[in-house]
Amino acid sequence: MMFLPSRRWRVLIRRHGPTSPVWRRRTAMGLGAVSIGLAALLFATLADDASALFARLARTYFWLPLLVTPLGFAGIAWATGRFAPEAAGSGIPQVIAAAQNPTRAMRLLISPRAALLKFGFTIAALLCGASVGREGPTVQISAAILSWHHRLFRAPMRASMIIAGGAAGVAAAFNTPLAGVTFAIEELADAYEQRVALLVMTTILIAGIVSLGLAGDYVYFGVVGEHLKVDAVLRIAPVAGVAGGISGGLFARAMLNIGGTRDRWFPVLKDRPVVWALLCGIVVAVIGVVTGLTWGTGYAAARAIVDGSHAPYWFGPAKLTTTLATAASGLPGGIFAPSLATGAGLGALLRPLFPNDPGGAVVLLGMVAYFTGVVRAPLTAVIIIVEATASRGLIMPLFLSALIAHATSALVCKERLYHGLAKPWRIALAQSPKAQPARGPLPRPAPDAG
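If you're wondering where the values come from, they're calculated on a predicted model, not measured in any experiment. The residue count restarts for each chain, going from 1 along the sequence in the order it is written. At least 70 in pLDDT is required for a residue's local features to be given in this predicted model, at least 80 for side-chain atom pairs to be given and counted, and no such filter applies to totals for whole chains, interfaces and linings, which use all residues. Only hydrogens and water are set aside when side-chain values are computed; all heavy atoms of the structure are taken into account.

Draft legend 1. Seen up close, the environment of M201. Strands here mean DSSP runs of E at least two residues long; helices mean DSSP runs of H or I at least four residues long; both are numbered from the N terminus. Here M201 shows up in helix α10 (residues 194-215). Separated by 24 residues in the primary sequence, M201 and P177 place their C-alpha atoms 8.4 Å from one another.

Draft legend 2. Structural view of unusual backbone geometry. The backbone phi angle of R376 is positive, close to 55 degrees, even though this residue is not glycine. By secondary structure assignment, the location of R376 is in the loop between α16 (359-375) and α17 (378-389).

Draft legend 3. Molecular detail of the environment of L340. With respect to the element layout, L340 can be found in helix α15 (residues 336-350). Sequence spacing of L340 and R303 is 37 residues, and the spatial spacing of their C-alpha atoms is 9.9 Å. In what follows, residue pairs with any heavy atoms lying within 4.5 Å of each other are defined as contacts. Apart from the residues within four sequence positions on either side, L340 is in contact with F174, F221, M367, F371, I384 and I385.

Draft legend 4. The arrangement of the packing of aromatic side chains in detail. We call Phe, Tyr and Trp rings a pair once their centres come within 6.5 Å, taking the six-membered ring for Trp, and we label the pair stacked below 30 degrees between planes, edge-to-face above 60, and tilted otherwise. Counted according to the given criterion, the structure contains seven aromatic pairs. Aromatic pair F336 and F371: ring centres 5.0 Å apart, planes at 75 degrees, arrangement edge-to-face. A residue pair is termed long-range when its members are at least 10 positions apart, and F336 in helix α15 and F371 in helix α16 qualify at 35 residues. A simple rule labels every residue: compare its accessible area, found with a 1.4 Å probe on the protein chains alone, to the largest value its type can have, and call it buried under 20%, exposed over 50%, or partly exposed in between. Since its relative accessible area comes to 1%, F371 is described here as buried. Ring centres of F336 and Y418 lie 6.3 Å apart, and the angle between their planes is 20 degrees; this geometry places the pair in the stacked category. Taken together, the residues span a long stretch of sequence, with F336 in helix α15 and Y418 in helix α19 (residues 417-431) at a distance of 82 residues.

In structure tokens, the structure reads:
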């Protein structure tokens, strides 16, 4: 009589006790989320310090970027190709590909080695003036952190965990929890189920509490309390949406096709990625020295424009060009923050067209339109802008501008940017031998995957 209850208890403990798979998975998720919050905060601090250091040196020695930037581009491109080709580019396409094959990706695209090198190479890129952001790399690093914790606790890794880690990275990078959820819906998950939603929200909550507790409650681009009347919305939003959709769509199309275009026009550079990166670095250096504003993430310039500063009219096109050149070089680094800065420059161009309307609101409509045109994720774009500027009074005008930009961009570039960039990584995962060790090299994707 005592045997059955004892056996029943052993079964219950094995299935639901502290060593059970469900509790190992929960522990991995909880500790992983805490680690994501800490890593995102450290990454943000070091990235901002790196950008500020380079900006100070560039102001003091105007000629220095003409040497440091091209040589830095070449050196980072060589090191990336030699030691961690999986760390090239934004990081978001790698996470999208990883969600399709979590088991293989744990040893390649989202391995601890890939995350550490992504961290270091992105900081190095900012130290040499590259027009990159830290948000995309944070997504890949966060997914790798969650993957490592699941391996540590011997919990099965699923696509939903990768999605949760990447979404928590977006939330922690911008201090925008809702944007993390919408980013998971629009970009990372093909089929967004209730179980994925719970994992995403739980991971974001824990990572956000850690980041918020240490960094405080800050607004990324400053507070914008302006409003627009209905007639102003109907005048400004279509103009911003079409302009942002066209320019953002052209940027996305250039990103997707630049590798093939380079190989057709400059075939001698096809198998010389270091020389190509050097040339891209020269473009970034020359534009940066001439303008003095296009270095790094562009965060400071974007915030100044949102606050009402009169930016030069060429800032938006110049920032777009340096961001495209940096991304084409294959350097590790994201395009989130540079795209928002470019969008702010577009908003500055629109402001003189509507002189009697609130300038900050016009800039935000241009910013959300361009960002939507690039990534084709209107919900994420609006939520990021609203949370990053506390502009809840503009949420409906922002949605109108984003939806128009989304439709316009689709006419210019048929394929969504991140999903197009993820294709070579999916192919690379599928072609890698199954028995390849964790530290083995990953087949380098096509040049237009950076």
